[in-house]
Amino acid sequence: MISKVIEEALIQRVEDVLDDSHHIVIISHENPDGDAIGSSLAMMHFLKAYGKEDVQVILPNDVPQNLRWMPGMEEVLVYAIQPGSSREKLQAADLIIFLDLNALKRVGALAKELDGLSARRVLIDHHEFPEPFAPVTISHPEIASTSELVFRYICRSGCLNYLDYNASVCIYTGMMTDTGCFSYNSNQPDIYIIIHYLLQKGVNKDEIYRKVFYAFSEDRMRMTGYLMYKAMELMPEYQTAITAISKRKLKSFNYQPGDTENIVNMPLQIKDVKISIFLKEDNPVRISFRSVGDIPVNRLANELFGGGGHKNAAGARYKGKLSDAVEKIKAAIPAFVESLQK
Ligand code: MN
């Protein structure tokens, strides 16, 4: 079927830990995206089908509107909204499974609740350079989504019969959102074998696409228009687009969490634009980097702002003025692009 990616010994170790655990908490990163939520809910559905009665997903903060329909969402605890119940679940847990994050700081304020807990830790992730906070770590940066890794784990542990319809929907959603609907990081043939399997489980991929991507508010649509028409700046000689939006502007478009999702990818639709950078003034400034092909924007994110991520998709934060961050980027782009041509 699909190629073996995860080391056999690790599959066994996760299985052993699972068999030994009865109060399981699943945690993913702050500002959860489709892959964070998809992998977490898929793991929850799987573990319940597998016979675990106490499985709780805890997300650091709330979920974007267009992902709230995902099956199992009604059972999720959001730490920022329900800190008390989240804390209780964590303190009772004998296993915490971390998904789609490479460092504990990615869970934001939830991190302080993890101090001193005796629960075992398992990490399944696809970001580069995972920090050693989980004794059992499955890390595969070459795999496009954590949801795909969750599928691979379930498949390899011989438990595909416990992968139900709801888990399949969640895995598909994570795979779809982390590859921009299979438009980047998506050349691995195995991806389509997995999708073939998920479709056989009854997943309606066209419906999921519409639910996730055709779910804008009028405000969001108008903000997109503003950003592309007015805010985007091009540096044609460096095939780079920079788009920034201030807090005031966000407010004028009645900004809701998730409203700027995917904006960073839009300038890449311009022929010859290979690098797109999107900045949002959000205390601090949040910066997203995207690139095409062999351009390592994670290096740029790291060198300029101490950020990180994948080769074609990275992020960073900047504690300072929005305009200063934009200037910093503009000043660095020429040398960065020239360094690639060597
Ligand atoms: Mn991911």
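Description of the structure in this document. Quantities reported herein were computed from a predicted structural model and do not represent experimental measurements.

**Focus on the sheet that holds strand S11 (residues 308-309)**
Taken together, the six strands give an open sheet; going across it, the order is S7-S8-S9-S10-S12-S11, and neighbouring strands pair in mixed fashion. Of all the strands in the sheet, the pair left with one neighbour each is strand S7 (233-235) and S11. In this fold helix H8 (residues 218-231) packs onto S7, strand S8 (240-245) and strand S9 (275-281), with an angle of close to 125 degrees to the strand it touches most, S8. Each of S9, strand S10 (285-291), S11 and strand S12 (313-318) touches helix H10 (residues 297-305); the most contacted strand, S12, lies at about 10 degrees to it.

**Let's talk about the sheet that holds strand S2 (residues 54-59)**
Spatial strand order, S3-S2-S1-S4-S5-S6: six strands in an open sheet with parallel pairing. Looking at strand neighbours, the two that pair on one side only are strand S3 (77-78) and strand S6 (136-139), the edges of this open sheet. Note: strand S5 (residues 120-125) against S6, four bridges, orientation parallel. In the sheet register, Leu123 faces S6, and the bridge partner there is Thr137. Each of strand S1 (23-27), strand S4 (95-99), S5 and S6 touches helix H1 (residues 8-19); the most contacted strand, S6, lies at about 135 degrees to it. Its contacts with the sheet place helix H3 (residues 83-92) against S1, S2, S3 and S4, and it is angled at close to 130 degrees to S2.

**Looking at the side chain of His127**
Within the secondary structure, His127 sits in the loop between S5 and S6. Overall, the relative accessible area of 14% leaves His127 in the buried class. At 2.6 Å, the side chain of His127 forms a polar contact with the side chain of Asp125. For His127, the contacting residues outside a window of four places in its chain are Asp100, Leu101, Asn102, Ser139, Pro141 and His310.

**Brief notes about the pairing of S2**
With six of six residues buried, S2 is to be regarded as a mostly interior element. Taking every second residue as pointing to the same face, both faces of S2 are buried, with Asp54, Gln56 and Ile58 on one and Val55, Val57 and Leu59 on the other. For the crossover that starts at S1, traverses helix H2 (residues 34-50) and ends in the parallel S2, the hand is right-handed.

**Observations concerning helix H5 (residues 165-177)**
In a regular helix each residue adds 1.5 Å, so 13 residues correspond to 18 Å; H5 covers 18 Å between its end C-alpha atoms and thus fits that length. Burial of H5 is extensive: 11 of the 13 residues sit out of reach of the surface. Looking at the packing, one finds that the buried side of H5 touches H2, helix H4 (146-156), helix H6 (189-200) and helix H7 (205-213). At the N-terminal boundary of H5, the capping side chain belongs to Asp164, with an oxygen 3.4 Å from the backbone nitrogen of Asn166.

**Thoughts on unusual backbone geometry**
In this structure, Pro284 follows Asn283 across a cis peptide bond, with omega equal to 0 degrees. Here Pro284 lies in the loop between S9 and S10. In this structure, Asn254 takes a positive phi of about 55 degrees despite not being glycine. Inspection of the secondary structure assignment puts Asn254 in the loop between helix H9 (247-252) and S9.

Cut-offs used in this document
- All residue numbers refer to position in the chain's written sequence, counted from 1.
- Owing to the predicted nature of the model, reporting of local features is limited to residues with pLDDT of at least 70; listing and counting of side-chain atom pairs is limited to 80 or more, with chain, interface and lining totals taken over all residues.
- In computing side-chain values, all of the structure's heavy atoms are included and hydrogens and water are not.
- When DSSP finds two or more bridges between a pair of strands, those strands are recorded as paired.
- Only DSSP runs of H or I reaching four residues or more are called helices, and only runs of E reaching two or more are called strands; each is numbered from the N terminus.
- By the convention used here, residues are in contact when the closest approach between their heavy atoms is within 4.5 Å.
- Helix axes are fitted only over the stretch in contact, all axes being lines through C-alpha atoms; the angle between N-to-C directions runs from 0 to 180 degrees.
- Whether a residue is buried, partly exposed or exposed follows from its accessible area with a 1.4 Å probe, protein chains only, as a fraction of its type maximum: under 20%, in between, or over 50%, in that order.
- Here a polar contact is recorded for every N or O atom pair within 3.5 Å, except that within protein the pair must consist of a potential hydrogen donor and a potential acceptor, and residues adjacent in sequence are included only if both atoms are side-chain atoms.
- If the strands point away from the viewer and the path from the first strand over the helix to the second runs clockwise, then the crossover is right-handed.
- Given a helix with a known number of residues, its expected span is that number minus one, times 1.5 Å.

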